[in-house]
Amino acid sequence: DVLYTVCNPVGKVQRIVIFKRNGIQAMLLNMMCMFESVFCAQKAKAALNGADIYAGCCTLKIEYARPTRLNVIRNDNDSWDYTKPYLGRRDRGKGRQRQAILGEHPSSFRHDGYGSHGPLLPLPSRYRMGSRDTPELVAYPLPQASSSYMHGGNPSGSVVMVSGLHQLKMNCSRVFNLFCLYGNIEKVKFMKTIPGTALVEMGDEYAVERAVTHLNNVKLFGKRLNVCVSKQHSVVPSQIFELEDGTSSYKDFAMSKNNRFTSAGQASKNIIQPPSCVLHYYNVPLCVTEETFVKLCEDHEVLSFIKYKVFDPKPSAKTLSGLLEWECKTDAVEALTVLNHYQIRVPNGSNPYTLKLCFSTSSHL
């Protein structure tokens, strides 16, 4: 159950088998975990390899196994098929729970089965299953929250790993343009050892939860993004290099005025939406027209929109807002990634206007 608890939120687990030597369970457990797909297994390895199950101990070492399938004869303490909850089900005995696979943990336990320090990888709330979510007659104990939540501290787990980034068209600023829709961005760093992969440190765990929920599997510049919670607790500016477009592989956005969740009042104005083919634009000067946006798309080599709408401004308004619709969701995502926060300069104007884009609640114009 512990391995299921840790792995299933990252990639759907189907079967788990524990291996023993000479009939005696080793202190270091060897387990095989079968996921629903190769993609799920890759996500789990990227997110969990080297992470601690409990604070400061039980470090996971994850490697790909040679077998392509695990065969489970019965569900017991040594193996479990989560696709067949009734498979050879045995009486577990009064008060016994499958959590005992790892034995008694030396730390003091709370009522939810975790020590006072809590796990080092707290799971976002969407991963926490209530009793109504669990299959009938099968209980999968899941961690409810880390100690930081229990005692009102700052949430942890605020870094996401993003792979599948186009190496020629993506940089730190464009990653910021897309991910800032779901929370504040502290730092972005591309990984030198894994091309097309970046670590994004966000303001809190809730921002990470929203980013994973809405951006995982989104298609961008012909590649599909893989967005998952990282085992890192922060992004460290090390191994900085030059990206294909000549920009730095690391950028600090902590003080950026383009972060949209810097206060409760500002955060409440943001409409959290999944990617769609309609973008809401705002904070553009009154002189901007449909032709301005068309030229903007042409200059930045993104496909242009198919429909344009401007909202009637108030008499005292100094800026315009409206909607832009693209042929498909992918085209809109690419346009937002490139054009968000573009500086629009006005003749004889002292300061440029920062174009703000976000996904609209409207599905079509």
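Quick notes on the rules
Residues numbered from 1 in each chain as written. Predicted model: local features only at pLDDT ≥ 70, side-chain atom pairs only at ≥ 80, totals over all residues. Heavy atoms only, no water. Axes fitted to C-alpha atoms, helices over the stretch in contact; angles between N-to-C directions. Helix = DSSP H or I, 4+ residues; strand = E, 2+ residues; numbered from the N terminus. Parallel < 35°, antiparallel > 145°, perpendicular 65-115°, else oblique. Left-handed = near helix turned anticlockwise from the far one by under 90°. Contact = heavy atoms within 4.5 Å. Nonpolar A, V, L, I, M, F, W, Y, C, P; charged D, E, K, R; others polar. pLDDT = per-residue confidence, 0-100. Salt bridge = Lys/Arg side-chain N within 4 Å of Asp/Glu carboxyl O. Pairing = 2+ DSSP bridges. Buried < 20%, exposed > 50% of the residue type's maximum accessible area, 1.4 Å probe, protein only. Phe/Tyr/Trp six-rings, centres within 6.5 Å; stacked < 30°, edge-to-face > 60°. Core = buried A, V, L, I, M, F, W, Y, C linked by side-chain atoms within 4.5 Å. Domains from an automatic or database assignment.

The name given to the protein in an unreviewed UniProt entry is HNRLL protein, and the organism recorded there is Nicator chloris.

In this structure, what is going on with the packing of helix α4 (residues 172-179) against helix α8 (residues 329-339)? I would like to understand it.
A pair of packed helices can be characterised by two numbers: the angle between their axes and the separation between those axes. Remark: α4 packs on α8, axes separated minimally by 7 Å, with the N-to-C direction vectors making an angle of 120°. Judged by the inter-axis angle, α4 sits oblique to α8. Regarding α4 and α8, the two cross each other, and that crossing is right-handed. Residues Arg174, Asn177 and Leu178 of α4 form the contact with α8, whose participating residues are Val333, Leu336, Thr337 and Val338. For the contact of α4 with α8, a count of residues per class yields four nonpolar, two polar and one charged.

Please explain the confidence of the model for the protein as it appears in this structure.
Do not read the fine detail of predicted coordinates wherever pLDDT is low. With 76% of its residues at a pLDDT of at least 70, the protein reaches an overall mean of 79. Here residues 90-156 is a poorly scored stretch, pLDDT under 50, and it has 120 contacts once near neighbours within four places are set aside; other chains count.

Looking at this model, I keep getting lost on the pattern of salt bridges. Mind explaining?
Should their charged atoms come close, side chains of opposite charge can pair. One pass over the full model with this rule turns up four salt bridges. Notably, a salt bridge pairs Lys187 with Glu201, separated by 3.8 Å at the nearest N-O pair. Remark: Glu201 occurs in strand β8 (residues 197-202) and Lys187 occurs in strand β7 (residues 185-190); sequence separation between them is 14 residues.

So what exactly am I meant to see when it comes to the sheet that holds strand β13 (residues 278-285) here?
In a beta sheet, neighbouring strands are held together by backbone hydrogen bonds and run either parallel or antiparallel to one another. The strand order across the open sheet formed by four strands is β14-β15-β13-β18, and the pairing between neighbours is antiparallel. Because the sheet does not close on itself, it has two edges, and the strands there are β14 (307-310) and β18 (356-359). With strand direction ignored, the average angle separating the axes of adjacent strands in the sheet is 20°. Here six bridges tie β13 to strand β15 (residues 319-325), and the two strands are oriented antiparallel to one another. Pairing of Val278 across the sheet is with Glu325, part of β15.

How do you make sense of unusual backbone geometry when you look at a structure like this?
Leaving glycine out, the prevailing phi sign among residues is negative, and the prevailing peptide bond configuration is trans. For Phe221, which is not glycine, the phi dihedral falls at a positive 55°. If you trace the backbone, Phe221 turns up in the loop between β9 (219-220) and β10 (223-224). The phi torsion at Gln239 lies on the positive side, around 50°, for a residue other than glycine. Structurally, Gln239 can be placed in the loop between β11 (226-229) and β12 (250-252). Exposure remark for Gln239: the relative accessible area of 56% places this residue in the exposed category.

Would you explain the packing of aromatic side chains in this entry?
Between two aromatic rings, the relevant description is the distance of the centres plus the angle of the planes. Tallied over the full model, the rule gives six aromatic pairs. Between the aromatic rings of Tyr281 and Tyr308, the centroid separation amounts to 6.1 Å while the plane-to-plane angle is 15°, which identifies the pairing as stacked. With Tyr281 in strand β13 and Tyr308 in strand β14, this residue pair connects regions lying 27 residues apart in the sequence. Here Phe293 and Tyr308 contribute two aromatic rings whose centre-to-centre distance is 6.1 Å and whose plane-to-plane angle is 45°, an arrangement assigned as tilted. Of this pair, Phe293 sits in helix α7 (residues 290-299) while Tyr308 sits in strand β14, placing them 15 residues apart in sequence.

Looking at this structure, I do not really get the nonpolar core. What am I missing?
Looking at soluble globular proteins, one finds that nonpolar side chains tend to be buried together. Within the largest apolar cluster, 54 residues are counted, with the highest numbers of intra-cluster contacts made by Val160, Leu178, Phe179, Ile185, Phe190 and Leu355. In terms of domain composition, this core takes at least three residues from each of domain 2 (159-263) and domain 3 (273-359). Residues in contact with Val160, not counting those within four places in the same chain, are Phe179, Ala198, Leu199, Val200, Met202, Val208, Val212, Val227, Cys228 and Ser230. The next biggest cluster of nonpolar side chains, apart from the first, holds 23 residues, and it includes Val6, Val13, Ile16 and Leu48.

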